[in-house]
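# Architecture at a glance
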Amino acid sequence: MSERVPPEKLASEAKAAYGREDYTEAARLFAVAAEAFEQSGKPLDAAEMQNNRCVALVQAKAYEEALAAVEPTPQIFAEAGDVRRQGLALGNLGSALEGLHRWKEAAEAYREAAALLEQAGAREARAAVLQSLSAVQLRLNDPVEAIIAMQEAVEDQPRSLKRGLLKRLLKVPFRLLGGS
């Protein structure tokens, strides 16, 4: 009879594989960890592992699998009242949809994620989501909305010389368009 590996150990092994950029192995281990957490009666930890699995699968360019891994998780976090992790899950959903070139759905997932992450006070995560939203909006041929999303992303970045430069650069397109 084999001993059962604790889910936390599986999660640690998965994170180590991800750190080595062995995304396929990381995704496999995150799936095993998710099942172990589920069997331990920890559905939120299981959902977290599925989100991590999605990230690894996106890195491996296995977008359909990534989408399948992440799709149920925003609702799990919503039902638990975990706004931050719901926002992160929607951001991961957006990245899987973006990988599948489902631009409009990706943009919607990113918008929802940004709103939830703002509500949760997760500024850096919100900034990353807004940057992704900006890129998708360019794909959708909506440059004005892309610039607005990027401006919001820059506002959420920690203060730095680079941030100040970006803020000034992002004002140029609006001046050219006759805006403020």
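Residues numbered from 1 in each chain as written. Predicted model: local features only at pLDDT ≥ 70, side-chain atom pairs only at ≥ 80, totals over all residues. Heavy atoms only, no water.

## A short note on the pattern of salt bridges
Inspection of the entire model under this criterion finds eight salt bridges. The salt bridge involving glutamate 8 is made with lysine 42; its shortest N-O contact spans 3.4 Å. With glutamate 8 in helix H1 (residues 7-19) and lysine 42 in the loop between helix H2 (23-39) and helix H3 (43-59), this residue pair connects regions lying 34 residues apart in the sequence. Classification of glutamate 8 by relative accessible area gives partly exposed; the value is 43%. By relative accessible area, which is 33% here, lysine 42 ends up partly exposed. In this structure, arginine 28 engages glutamate 25 in a salt bridge whose closest nitrogen and oxygen atoms are separated by 2.8 Å. Here glutamate 25 and arginine 28 lie together in helix H2, a separation of three residues that amounts to about one turn. Members of the salt-bridge network, linked through shared partners, are Glu48, Asp82 and Arg85. (Salt bridge = Lys/Arg side-chain N within 4 Å of Asp/Glu carboxyl O. Helix = DSSP H or I, 4+ residues; strand = E, 2+ residues; numbered from the N terminus. Buried < 20%, exposed > 50% of the residue type's maximum accessible area, 1.4 Å probe, protein only.)

## Let's talk about the layout of surface pockets
Roughly 170 Å³ of volume is contained in the largest pocket. Lining the largest pocket are Leu88, Gly91, Asn92, Ser95, Tyr110, Leu117, Ala125, Ala128, Val129 and Ser132. Class assignment of the residues belonging to the lining of the largest pocket gives a composition of six nonpolar, four polar and no charged. (1 Å grid on protein atoms, 1.4 Å probe; cavity = no way out; pocket = protein on both sides within 12 Å on 5 of 7 lines; lining within 4 Å. Points joined across faces, edges and corners; volume = space filled by probe spheres on them. Nonpolar A, V, L, I, M, F, W, Y, C, P; charged D, E, K, R; others polar.)

## Here's the deal with H2
Spanning 17 residues, H2 covers 24 Å between terminal C-alpha atoms, matching the ideal 24 Å at 1.5 Å per step. Where H2 is concerned, the buried positions are Tyr23, Ala26, Ala27, Leu29, Phe30, Ala33, Ala34, Ala36 and Phe37. Buried residues belonging to H2 abut H1 and H3. Taken from the residues just after H2, glycine 41 is the one with a positive phi, measuring 75°. (Expected span 1.5 Å × (residues − 1). Contact = heavy atoms within 4.5 Å.)

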